[in-house]
Amino acid sequence: MNWQKLSDKEYNLIWDKFYADFNFKPSVNIFPAIQTDLPYLKLDIFKIWLDYPDDYYDKFIELGEKLILYICQPNDLIYAIDW
């Protein structure tokens, strides 16, 4: 995969769009933080950090990369943003 860090301006534009498009209200107590009428998949990965051997984490990351490659077209852009 080819990664590129966003400039501060790009970063702010992406977050502004994310807040607007998904009515994003970040919280660690109130769910859902993301609201959309679009189809989506919710995964609970909490146990991966507690109960499984380290290689499960590596397999999870590998599977995530494969899924991204499967659903994206060759020239699509993916934004990895971290709240």
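In short, a report on the structure. None of the values given here were measured: they were computed from a predicted structure.

What follows concerns helix α1 (residues 8-22). For α1, spanning 15 residues, the distance from its first C-alpha to its last is 21 Å, which sits close to the expected 21 Å at 1.5 Å a residue. Here α1 has its buried residues at I14, W15 and F18. For α1, the angular spread of the buried residues around the axis is 95°, confining them to a single face. Away from its buried face by more than 90 degrees, α1 exposes K9, L13, D16, K17 and A20.

Moving on to unusual backbone geometry. Following F31, the chain continues into P32 via a peptide bond in cis, with omega recorded as -5°. Structurally, the position occupied by P32 is in the loop between α1 and α2 (54-71). Even without being a glycine, N23 presents a positive backbone phi close to 45°. Counting through the fold element by element, N23 comes out in the loop between α1 and α2. For N23, a relative accessible area of 33% corresponds to the partly exposed category.

What follows deals with the packing of aromatic side chains. On inspection of all chains with the given rule, the structure shows 6 aromatic pairs. Residues F18 and F22 carry aromatic rings whose centres are separated by 4.9 Å and whose planes lie at 45° to one another, so their mutual orientation is tilted. Remark: F22 and F18 occur in helix α1; sequence separation between them is 4 residues, near one turn of the helix. Owing to a relative accessible area of 23%, F22 belongs among the partly exposed residues under this scheme. These aromatic residues form a ring-pair network of at least three members: W15, F18, Y19, F22 and F24.

Estimated volume of the largest pocket: approximately 2,300 Å³. Taken together, 42 residues make up the lining of the largest pocket; nearest its centre are F18, I34, L41, K42 and L43. Of all the secondary structure elements, the ones that give two or more residues to the lining of the largest pocket are α1 and α2. Residue contributions to the lining of the largest pocket peak at 8 residues, all from α2.

Conventions and cut-offs
- Starting from 1, residues in each chain are numbered consecutively following that chain's sequence as written.
- Thresholds applied to this predicted model are a pLDDT of at least 70 for local features of residues and 80 or more for the giving and counting of side-chain atom pairs; totals over whole chains, interfaces and linings are not thresholded and use all residues.
- Where side-chain values are given, they derive from all heavy atoms of the structure, hydrogens and water being excluded.
- Strands are runs of DSSP state E lasting at least two residues, helices are runs of H or I lasting at least four, and both sets are numbered from the N terminus onward.
- Every helix has an expected span of 1.5 Å times one less than the residues it contains.
- Burial classes: relative accessible area under 20% of the type maximum marks a residue as buried, over 50% as exposed, and values in between as partly exposed (1.4 Å probe, protein chains only).
- This arc is built from the directions going out from the helix axis to the C-beta atoms.
- Centres within 6.5 Å make a pair out of two Phe, Tyr or Trp rings, where for Trp the six-membered ring is used; the pair is then stacked when the planes are under 30 degrees apart, edge-to-face when over 60, and tilted otherwise.
- In this analysis a 1.4 Å probe is tested at points of a 1 Å grid over the protein atoms alone, and where it fits but cannot get out there is a cavity; an open set with protein on both sides within 12 Å along at least five of seven lines is a pocket; lining residues have an atom within 4 Å of a point.
- Grid points are joined across faces, edges and corners, and a volume is the space filled by probe spheres set on the points.

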